[in-house]
Amino acid sequence: SCATCDGASANDCLSCESGSFLSNGECVSECGAGTFENAGSGTCDACDVSCEECDGAGSSNCTSCAQSMFLETGSCVNSCGSSFFSDSSTTCAPCDTSCATCDG
């Protein structure tokens, strides 16, 4: 429910009660796809454009990437770096520490 609002409907919220987040004028218990829960502002904020899903602001907090991109240590990249390899169709994993480069 709304803590403050500027109208009578459920999507006229300006802020939410503790434990819920403001998303497009509505108070929700969980933020939707492509957004993350900003505890500081009490809002659902958009993920960085490079992320499909995220757990915070910026390009280094991605949890999944758009199709044809790879997730490497929280960032979405076009291809895995030299000290990483693709361990799935969407994720880069680090090479063993004894290797400069690897392919699995």
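Residues numbered from 1 in each chain as written. Predicted model: local features only at pLDDT ≥ 70, side-chain atom pairs only at ≥ 80, totals over all residues. Heavy atoms only, no water.

**Q** Any details on the overall build of the protein? Residues and values, ideally.
**A** Looking only at helices and strands, the protein has zero helices and twelve strands in total. Its helices and strands taken in sequence order, the protein reads β-β-β-β-β-β-β-β-β-β-β-β from the N to the C terminus. For 104 residues, the compact-globule estimate of 2.2 N^0.38 gives 13 Å, and the C-alpha radius of gyration of the protein, at 18 Å, exceeds that figure by more than 25%. Overall size of the protein, expressed as C-alpha extent along the three principal axes, is 60 × 25 × 15 Å. Every one of the 104 residues in the protein was classed for burial, and the buried ones make up 28%. Taking the contacts inside the protein whose residues are at least 6 apart along the sequence as the reference set, 2% of them involve residues at least 24 apart. Here the protein displays about 6,200 Å² of accessible surface, and carbon together with sulfur accounts for 48% of that area. (Helix = DSSP H or I, 4+ residues; strand = E, 2+ residues; numbered from the N terminus. Rg over C-alpha atoms; globule rule 2.2 N^0.38 Å. Buried < 20%, exposed > 50% of the residue type's maximum accessible area, 1.4 Å probe, protein only. Contact = heavy atoms within 4.5 Å. Areas by Shrake-Rupley, 256 points an atom, 1.4 Å probe, with all protein chains shown as cover.)

**Q** Now, about the nonpolar core: what can you tell me, with residues and values included?
**A** Among the nonpolar cores identified, the biggest contains nine residues, and these are F36, C47, C51, C54, C62, C65, M69, L71 and C76. If we ignore the near neighbours within four places in the chain, the residues touching C65 are E52, F70, L71 and C76. (Core = buried A, V, L, I, M, F, W, Y, C linked by side-chain atoms within 4.5 Å.)

**Q** So what's going on with unusual backbone geometry? Which residues, and what values?
**A** One non-glycine residue, N24, lies in the positive phi region at around 55°. Within the secondary structure layout, N24 lies in the loop between β3 (21–23) and β4 (26–28). Phi at T73 takes a positive value of approximately 45°, unusual for a residue other than glycine. Its place among the elements puts T73 in the loop between β9 (70–72) and β10 (75–77). Looking at T73, the relative accessible area reads 64%, which means it is exposed.

**Q** Give a description of the confidence of the model for the protein that names residues and reports values.
**A** Residue-level pLDDT values for the protein average 92, and 100% of them are 70 or greater. Across the protein, the secondary-structure element scoring lowest on mean pLDDT is strand β11 (residues 84–86), at 91, and the one scoring highest is strand β6 (residues 43–46), at 98. (pLDDT = per-residue confidence, 0-100.)

**Q** Tell me about the environment of C95, and please be specific about residues and values.
**A** Tracing the backbone shows C95 in the segment after β12 (92–94). Taking C-alpha positions, C95 is 6.6 Å from F85, a pair spaced ten residues apart along the chain.

**Q** Pulling in residues and values, what's your account of the state of the cysteines?
**A** For the structure shown, the criterion picks out eight disulfides. Here C31 engages in a disulfide with C44; their sulfurs sit 2.1 Å apart. Across the S-S bond linking C31 and C44, the dihedral sits near -85°, which makes this disulfide left-handed. Pair noted here: C31 is in the loop between β4 and β5 (35–38) and C44 is in strand β6, with a separation of 13 residues, a long-range link. (Disulfide = S-S within 2.5 Å.)

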